[in-house]
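Topology and contacts: notes
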Amino acid sequence: MLVLRLREAESATPGSPGSQAPGSQALRSADLVDWYLAQREDAMHSEDDYAAEERLAKTVLNYLISVEGCVIAQRAAADFAEESDQPSDHPADQPSPSARGPVLMLHPNFAIDN
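- Looking at an unreviewed UniProt entry, one finds the protein named Mcm6 C-terminal winged-helix domain-containing protein and attributed to Coemansia thaxteri.
- Regarding the protein, the relevant UniProt record gives this comment under Subcellular location (unreviewed entry): "Nucleus".
- Quoted verbatim from the Sequence similarities (unreviewed entry) field of UniProt, the annotation for the protein is "Belongs to the MCM family."

Written out as structure tokens, the structure reads:
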């Protein structure tokens, strides 16, 4: 489910595959987990269910990145600029992009079997 969402986001992104142009539809890890939780919302009946589903989604995502290698986690250029001494242009009430986790993309050699 997570891989299919990444594929969908990449196909909606203008430009060449894997390019992360400004304004593209790149997904960050927290955004992908939030999307998954929204899809599973009907099956969750308590906060414990929510926490378990969130933990499961993060574990599966880490497995896809670390073990399988079919998902690539990359830091965006904005994350590097944020670490420098430049003042931040993000509003205080919104988390910075780097707080949402790395930008995710599918490995170019990964094929989804139908």
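The rest of the description comes next.
**With respect to the pairing of strand 3 (residues 103–106)**
- The two faces of strand 3 match: Val 103 and Met 105 on one face and Leu 104 and Leu 106 on the other face are all buried.
- Both strand 1 (residues 27–28) and strand 3 contribute to a ladder of two bridges, which runs antiparallel. Residue pairing for strand 3: Leu 27 is matched across the bridge by Leu 104.
- Inspection of the sheet shows strand 2 (residues 71–74) paired to strand 3 by four bridges, in the antiparallel sense.

Reading guide: rules and limits
Residues numbered from 1 in each chain as written. Predicted model: local features only at pLDDT ≥ 70, side-chain atom pairs only at ≥ 80, totals over all residues. Heavy atoms only, no water. UniProt positions renumbered as here; feature names shortened; annotations may be inferred. Buried < 20%, exposed > 50% of the residue type's maximum accessible area, 1.4 Å probe, protein only. Helix = DSSP H or I, 4+ residues; strand = E, 2+ residues; numbered from the N terminus. Pairing = 2+ DSSP bridges.

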